[in-house]
Amino acid sequence: MKFSTVSPCKLNLFLYITGKRPDGYHNLQTLFVILDHGDVMHFETTDDDRVELLTDFGFPVEKNLIYKAAMLLKEQTLCKMGVKISIDKVLPQGGGLGGGSGNAATTLMVLNKLWDLKLKEDSLLKMGTSLGADVPIFIKGKTCFAEGIGEILEEKSYPEKYYLVATPECKVPTAKLFGSEALKKDSKVRTFEELVNAPFENSFTSVVVKEYPEVQTLLDTLSEFGPSFMSGSGSSCFVAFDSIEAAKKAQAKIEKLKISSFVARSVKVSNVIEDLNKLQ
């Protein structure tokens, strides 16, 4: 069976680090939205028990989250079916948009359906957490307030917007940021209501802009159109609009500066969930 779907990206509308955990990870509070934009993933099931990633990422397949997700699903369920996976990659790597995590989540969700494994969401969320902190939000596929390392998710209602998302010519290493002495890691724990009604901030921004001035330049450029923010640990930045026309008009202005960008809408339910629901 063949199946294709868009593996979406996410934005962190706000992000605060609230403390370091005994296991070395950090607790955070963040608001995730899913966008209707991402990499196109193609799946073809086989009967030969092999997982083949046909797209070359330039590093060993065993280190790829897509491959890891498929193999984890096989190991957990003892599934004897196989799959060939290819991907049309459009999302920037190291941009804070969760591209790789979204690909892993999409793989878990799609293969659960195509292999007829019938795993519940809770089981997929547990597997996703073991692959990476951003994987669970894509399994939920909805606007969520997240705590813990990002795995404690609470669905929230938030106005749908159009976002102009732009990415400068730099990749920001998340692990290095967490090790920075300048990173604020003790933000006060607040309720969702307190956070959503306060000015949005991202704890990573002040550290990133010092190391990567091009991110500060991009934020300044986007601020012409409204409050601009960095997503996740960067380097992608965004600004929100009420209409696609306004977002496209702003995009046309920044394209003259040779900045990579796209316009996308936040959605109530990710297209992966909607596409899978259409399968019989």
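Calculation notes
Residues numbered from 1 in each chain as written. Predicted model: local features only at pLDDT ≥ 70, side-chain atom pairs only at ≥ 80, totals over all residues. Heavy atoms only, no water. Helix = DSSP H or I, 4+ residues; strand = E, 2+ residues; numbered from the N terminus. Contact = heavy atoms within 4.5 Å. Axes fitted to C-alpha atoms, helices over the stretch in contact; angles between N-to-C directions. Parallel < 35°, antiparallel > 145°, perpendicular 65-115°, else oblique. Left-handed = near helix turned anticlockwise from the far one by under 90°. Nonpolar A, V, L, I, M, F, W, Y, C, P; charged D, E, K, R; others polar. Core = buried A, V, L, I, M, F, W, Y, C linked by side-chain atoms within 4.5 Å. Buried < 20%, exposed > 50% of the residue type's maximum accessible area, 1.4 Å probe, protein only. Pairing = 2+ DSSP bridges. Expected span 1.5 Å × (residues − 1). Arc of directions from axis to C-beta.

**Student:** Any chance you could explain the environment of Leu 222 here in plain terms?
**Tutor:** Locating Leu 222 in the fold gives a position in helix α8 (residues 213-222). Taking the C-alpha atoms as reference, Leu 222 lies 9.9 Å from Ala 240; in sequence the two are 18 residues apart. When residues no more than four places from it in sequence are discounted, the contact partners of Leu 222 are Leu 164, Ser 228, Cys 237, Phe 238, Val 239 and Ile 254.

**Student:** I would appreciate a short explanation of the packing of helix α1 (residues 65-77) against helix α3 (residues 121-131) in the present structure.
**Tutor:** The geometry of a pair of packed helices is captured by two quantities: the angle between their axes and the separation between those axes. Where α1 contacts α3, the axes come no closer than 11 Å and their chain directions differ by 135 degrees. Relative to α3, the element α1 is oriented oblique. For the element pair α1 and α3, the recorded crossing hand is right-handed. Facing Leu 65, Lys 68, Ala 69, Leu 72, Leu 73 and Gln 76 of α1, the residues of α3 in contact are Leu 124, Met 127, Ser 130 and Leu 131. Partitioned by chemical class, the residues of the contact of α1 with α3 number 7 nonpolar, 2 polar and 1 charged.

**Student:** Explanation requested: the nonpolar core in the structure shown.
**Tutor:** Considering soluble globular proteins, one finds that nonpolar side chains tend to be buried as a cluster. Counting 42 residues, the largest nonpolar core has Phe 43, Leu 73, Leu 108, Trp 115 and Ile 139 as the members making the most contacts within it. When sequence neighbours within four positions are dropped, the list of residues in contact with Leu 73 reads Leu 108, Leu 111, Asn 112, Trp 115, Leu 117, Leu 119, Leu 124 and Met 127. Leu 15, Val 172, Val 209 and Leu 218 belong to the second-largest nonpolar core, a separate cluster that totals 26 residues.

**Student:** Explain the pairing of strand β1 (residues 2-20) to me, please; I cannot follow it from the model alone.
**Tutor:** Look at any regular strand and the pattern is simple: side chains alternate between the two faces of the sheet. Judged by how many residues are buried, β1 sits mostly within the fold: 15 of 19 residues are covered. If you look at the hairpin formed by β1 and strand β2 (residues 26-46), you'll find 5 residues sitting between the two strands, and Gly 24 has a positive phi there, around 95 degrees.

**Student:** Can you help me understand helix α9 (residues 244-255) in this one?
**Tutor:** Every α-helix carries 3.6 residues per turn, so stepping three or four residues along brings you back to the same face. Taking 1.5 Å per residue as the helical rise, α9 with its 12 residues ought to reach 16 Å, and the 16 Å between its terminal C-alpha atoms agrees with that figure. For α9, the complete set of buried residues consists of Ala 247, Ala 250, Gln 251 and Ile 254. For α9, the buried positions fall inside an angular range of 105 degrees around the axis, keeping them on one side. Exposed and facing more than 90 degrees away from the buried side of α9 are Glu 245 and Lys 249. The elements touched by buried residues of α9 are β7 (162-167), α8, β9 (237-241) and β10 (260-267).

**Student:** Explain unusual backbone geometry to me, please; I cannot follow it from the model alone.
**Tutor:** Note on backbone geometry: most residues besides glycine have negative phi, and most peptide bonds are trans. Cis geometry marks the peptide bond from Gly 234 to Ser 235, where omega comes out at 15 degrees. Considering the arrangement of structural elements, one finds Ser 235 in the loop between β8 (228-230) and β9. The phi angle at Leu 78 is positive, at roughly 60 degrees, despite the residue not being glycine. If you trace the backbone, Leu 78 turns up in the loop between α1 and β4 (82-88). Of note, Asp 116 is a non-glycine position whose phi angle comes to about 55 degrees, a positive value. Relative to the assigned elements, Asp 116 resides in the loop between α2 (99-114) and α3.

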